Each structure stands twice: as C-alpha cells, then as structure tokens.
Amino acid sequence: MALQGPEELLEEPEDLDEDASISPAEEITLPVGPGAEDEPQEAVLLPWDRFSAWLHCICVVGFDLELGQAVEVIYPHHSKLSEKEKTSICYLSFPDSNSGCLGDTQFCFRFRQGSNRKSSLGCFLENADRDAPPCLKREQGHYYGYVYFRQVRDKSLKRGYFQKSLVLISKLPYVTFFHSLLKILAPEYFEKQEPCLEAACNDIDRWPTPHPGRVLTLPIMGVVIKVLTFPWPVPSDSSVSIVLPTIHEVDLFRCFYPVFFHIQMLWELVLLGEALVVMAPSPAESSNTVLALVSCISPLRYCSDFRPYFTIHDSEFKEYTTRTQAPPSVILGVTNPFFAKTLQHWPHIIRIGDMKQAGEMAKQMKVKKLKNLKTLDSKPGVYTAYKAYLNKDEEIIKQLQKGVNQKRPSAAQNAILRRYFLELTQSFIIPLERYVASLMPLQKSISPWKTGPQLTSRTKGDWIGLYRHFLKSPNFDGWFRSRRREMTQKLEALHLEALCEEDLQQRIQRHTEVEAVDLVLKLKEKLTQAEKEQLPVRPGTLSKLRSHIEAVILALPEDLQGILHKPDTP
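Cut-off values and rules
Residues numbered from 1 in each chain as written. Predicted model: local features only at pLDDT ≥ 70, side-chain atom pairs only at ≥ 80, totals over all residues. Heavy atoms only, no water. Helix = DSSP H or I, 4+ residues; strand = E, 2+ residues; numbered from the N terminus. Areas by Shrake-Rupley, 256 points an atom, 1.4 Å probe, with all protein chains shown as cover. Phe/Tyr/Trp six-rings, centres within 6.5 Å; stacked < 30°, edge-to-face > 60°. Buried < 20%, exposed > 50% of the residue type's maximum accessible area, 1.4 Å probe, protein only. Lys NZ or Arg CZ within 6 Å of the ring centre and 35° of its normal. Pairing = 2+ DSSP bridges. Axes fitted to C-alpha atoms, helices over the stretch in contact; angles between N-to-C directions. Contact = heavy atoms within 4.5 Å. Core = buried A, V, L, I, M, F, W, Y, C linked by side-chain atoms within 4.5 Å. Domains from an automatic or database assignment. Salt bridge = Lys/Arg side-chain N within 4 Å of Asp/Glu carboxyl O.

1. Focus: the overall build of the protein chain
- Of the regular secondary structure elements, the protein chain holds 19 helices and 14 strands.
- With the model as given, the accessible surface of the protein chain reaches about 28,000 Å², and the carbon-plus-sulfur share is 52%.

Laid out in structure tokens, this is it:
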C-alpha cells in the first residue's frame, strides 16, 4: 500500500527497444500488471470517438466591438456546449485588459461542466482512467481550457488590435502536451483559418486513445509528436519531430521562484486544502503557479477545486468572493487588480511578480501580514497569518540558492524541487498507508464459503498537529475513499482466487439442485463484477472461474443447463 518512490516510477521497462521506430498513429504498449490476459479488448470505436478521448472540442474566440468576446467557431461542428459553458469560455479565453499581453500568450483555465454528457467511450475511458496515476486522471465535473491568445496591432480594425484565441477544451490534465499542440495548431490557424482546423480534427480522430503506460506517436499537421502517458523516458526516434519528456508537469522552480523561501509552508497549505489566491501580472503566470501548487503534493491528488485563471465574470465569482461565510477550499489564480480588494478577507494570498529568467537570487522574504496587502502593486510575497506545523527545511533553500549562483540548468533545479516535494509528501502519507494496510486480513483467513471480508523526513516539527488538521481536509477524504475502494477490490480479488482453488464439482454433490443453481448465479454475478471493475486478480483467474461455472452447469439436468446457459438480460 505504500506509495511508489521515483526510482520505481521512472524505471524504464527492459523490453522497450530504444532504437525502435513507430510509424505515425501507432502505439507501443508497455508491460501491464497482473490479470492482463483477462482484460477486455479495446472498445469498437465510432467516428469521432478517438477525437473525444482527447478533446471535447476546439473553439475560436474573437472580440466583437458590439458583443465583446464571442465564440466564433466550434470544431467538430457537432460538439455541444451549453450557453453557460460558452460564456465561461469567452471570458476565460482572454487576458484581463490590465495584463497588456501583446503578441502570443499561452495559459490554461478550468471551469465547471454545465451538464453530464454521456460518451460511447464511457466504460472504456473509465477503465483507462483507473490505471492512471492521480496526476493524469480525467476530470469528472470540470473541463480544462488550453489557450493560445494572439494580440497584435492592426490599423484596419476599428479597435486597432487583432485579438483572438484558439482554445482546446478537454477533460485531460495534459497541460504540457496541449500547450505544445497549440504551438503547432495556432500559428497555422491564424494564417490559414478554418480549413486547417478541420484537417487537425481529422488527424486527432486517427490518434490512439490515451492510456497509461503507452508510447504514442501522434501525427498532426505534418508534424509527429511522440509522448508517453506515464512518467518513463520516451524512446528516441529519428522520424519524430517533437518528443515530450512529460505531458503534464509544469516547471516547479520557475513557478515558485518568486516565493521559494516559503515552499514548505505553501506545501502545507495545499496539503490541508486551505483557501489560497495567487495574484499575478498575467494569465500565464497565474495558471502556471496554480498548477504548480496543485502538483506539489503529488502523488496525492488535490481533491478541492482550483482555478488556474479566474475572472470577475466567472459564474462562481459571487460564491467565491462572498464575505458572509468563510472562503471555500479552493485555489484561485487572478490578474485583475479588483481582486486585491475583493479577496482581501482570504486567509492566504500569494503575490508574484514577472517570471523572468532567474538572474540574481531573490532576497529572503518574511511572511507578510494580510493588512499590508492593499493593491495588486504590493510587493511579491506570501501574505498570511498561518503558522507552519513543520520547521523550515533550510537545506533545500541552500541547495536551490547554490544552483542559481552556479547557473545550474533550470531542468535540474526543477528536478531537485520536485524530488523534495515527493519525499516530503511520502514522509507524510506513508504512516497512513501503513495503518490502512494493517487493516487488511491475512490471506489465509479468507474463506471462499463465507461472505467476502470487509475492511475493519528529516523535517522536524508538529507532525501530529499537521495530521490532525489534514484529517479534516478534502484531500484526506479523497485519499481515504480511494484507498478504501482499492482495498475492497483487493479483498474481492482474493476471495475470487480462493474460490478458484476449490473443487466445486465435488462440493455440489453434497447439495441440492436448488443450492447448485444458486451457486452458479452467485458465481456469475461475481464474474460480471470482476470484469466490470477489472479486479486485480492473478492471470488466468477469471478464465478458471468460467471453467468452474461451466463444469457445475454441466453436472445439472439438461433443462436447468438450458436455463443457465441463456445470456443474462441487461
């Protein structure tokens, strides 16, 4: 039950040929876990199913002098968005006017899904998502919007500027991948307009579906991108134009650089699900910082709401800014100076400046009092009355400072910081993992003839106080529900394996026909559940159970055999 360390997660599979090339729109499947032979084949895919596995739609948002922001184009044309969703996309796809984003800007946002839409890929996507690590799981009630915004002077327009955004709407948190995809799509679109969007959508609809542990080659607009939907090294391939080492990670060091003296306290605030607002000069810096905060507790999943870019036009603006109740458990990224006053009652505020290339080392900053935050022009820093439970780890600060002084590559600084957060999170969560694991009964105590059993760092400081606070947070609730589900499935799997070791034919000889039929029905129900939930059974277990069921049926009279061989009605 303990969380995997980075050495285990990053271990490259032995049978992956470094020199092997993959033709466009193909995939390599990496070794999978136990029970692989019992997994169902990939669902029969309908037109646009492959596209839908990656994106909900592609939107073009423009500026109209009379209407303001408006969705001009949606691809594919059959894609559906509610009016509320369109409004959210319109306002979130443009930077606030004070941002002054001339040229090309990329950022992302996240908004609530307006209605529950069913997909023909629903069951397949659920199975794929079950195998994904928390950081790569598909969103359930929200969409991500990945934006490529262009603002350039154009005297032919009344406003004097050309302003337009190309937006990818998806449930996948693949921020690095989709930003890289937009760098290919957007310039082509701004030059060639709609025909290139149609071609891009057709390319995407030929891609393999995203699934953990697969190397994918994805052709798009004459370019081939190679990605691995899991944190392993990507095999080299001379025929590939772009190789992405990660599909979802942001540069932690660059994002935390303005406030990195407080990284440990920020980790605590995120872990505890505290209300946090990031005030930044642009949507790019706002969204990257919020995503960095959410990812700093990985491999724990952040279970509260978070908005990488939030505006005064957002449908949840009143809900999140009201003073009649305590701020909700949410992380907001904002750029509008209006929020400096509106959110002044929030308990924790991070003010960041321009994220330029790290030059001179930032000066040591103390945590500032909230009353000192008057406007968005306030100095960068962390404004809070929060007192950290753990003592500050000076070693990581010195290590990062040394890296800046020695001009250590940004990728190396990022790796050091990511490793630090991983070890800190593991140090915190492993005691809980061990306790939950201790609740599992011994395998030898599991009987096939009884109902399946039920579930009965170097850093010093106030760990007990931190645990006490964590147990009240949404992150603990999400972690506990996930672990309970995993352990329940493991117990069901052990029960199935115990059943398969029994001589069922000999056992039914001592029972009546009614009892034998009842046994067949219960075994069928267990088999259906195991297949639906993809229980983690040993290879061959489900095949063996099917054989046992068939043997019991053949031992019954012919009239009962006919009834029991009929397929179950849905």
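So much for the structure itself; the text now carries on.
2. Concerning the packing of aromatic side chains
- Under the defined criterion, the tally for this structure stands at 37 aromatic pairs.
- Seen in terms of ring centroids, Trp463 and Tyr467 are 6.5 Å apart; in terms of plane orientation they differ by 40 degrees. Their pairing is tilted. Of this pair, Trp463 and Tyr467 both sit in helix α14 (residues 463-470), four residues apart, roughly one helical turn. You'll find Trp463 and Tyr467 in the same group, each marked buried.
- Within the aromatic cluster, the residues linked to one another by ring pairs are Trp54, Tyr144, Tyr146, Tyr174, Phe177, Phe178, Trp207, Tyr302 and Phe306.
- A cation over a ring is seen here: Lys171 above Tyr143, with NZ or CZ 4.7 Å from the ring centre.

3. Description of the sheet that holds strand β3 (residues 68-75)
- Here we have five strands laid out as an open sheet, ordered β3-β2-β6-β5-β4, and antiparallel in their pairing. Sheet topology places β3 and β4 (103-112) at the edges, where each strand pairs with a single neighbour. Sheet twist, expressed as the mean angle between neighbouring strand axes with direction ignored, is 25 degrees.
- In this structure, strand β2 (residues 57-64) lies alongside strand β6 (residues 161-170), joined through six bridges in antiparallel fashion. Paired with Val60 across the strands is Leu166, a residue of β6.
- Those strands touched by helix α5 (residues 175-192) are β2, β4, β5 (142-153) and β6, and its axis lies near 40 degrees from that of β5.

4. Details of the sheet that holds strand β10 (residues 276-279)
- Taken together, the five strands give an open sheet; going across it, the order is β11-β12-β10-β13-β14, and neighbouring strands pair in mixed fashion. The open sheet has two edge strands, β11 (305-307) and β14 (381-384), and neither has a second partner. If you compare each strand with its neighbour and ignore which way they point, the axes differ by 15 degrees on average.
- Both β11 and strand β12 (residues 330-334) contribute to a ladder of three bridges, which runs parallel. Bridge pairing links Asp305 to Val330 in β12.
- Across the sheet, helix α8 (residues 263-271) touches β10, β12, β13 (348-351) and β14, and the angle it forms with β14 is around 50 degrees.
- Here helix α9 (residues 283-295) sits on the sheet in contact with β10, β11, β12 and β13, set at roughly 160 degrees to β12.

5. Describing α14
- Where α14 is concerned, the buried positions are Trp463, Gly465, Leu466, Tyr467 and Phe470.
- The inward-facing, buried residues of α14 abut α8, α13 (410-438) and α15 (474-500).

6. Comments concerning the nonpolar core
- If you look at the biggest cluster of nonpolar residues, it comprises 98 residues, and the most contacted ones within it are Trp54, Phe177, Phe256 and Trp267.
- Ranked by the residues each element gives to this core, the list is headed by α5, at 10 residues.
- Each of domain 1 (49-205) and domain 2 (253-406) accounts for three or more of the residues forming this core.
- Apart from the residues lying within four places of it in its own chain, the contact partners of Trp54 are Ser170, Leu172, Tyr174, Phe177, Phe178, Ile204, Trp207, Pro208, Thr209, Pro210, Leu216 and Leu218.
- Of all hydrophobic cores here, the second largest spans 23 residues; its members include Leu499, Cys500, Ala516 and Val537.

7. Focus on the pattern of salt bridges
- On inspection of all chains with the given rule, the structure shows 18 salt bridges.
- Glu72 serves as the salt-bridge partner of Lys164, at 3.0 Å between the closest nitrogen and oxygen. Placement of the pair is Lys164 in strand β6 and Glu72 in strand β3, with a sequence separation of 92 residues.
- The class for Glu72 is partly exposed, based on a relative accessible area of 42%.

8. Examining the pairing of strand β7 (residues 214-220)
- For β7, the buried fraction is high: six of the seven residues fall into the buried class.
- Sheet analysis places β7 next to strand β8 (residues 223-228), joined by six bridges and oriented antiparallel. Pairing of Val215 across the sheet is with Leu228, part of β8.
- The antiparallel pairing of β7 with β8 creates a hairpin that spans two residues between the two strands, and Met221 there sits at a positive phi of about 55 degrees.

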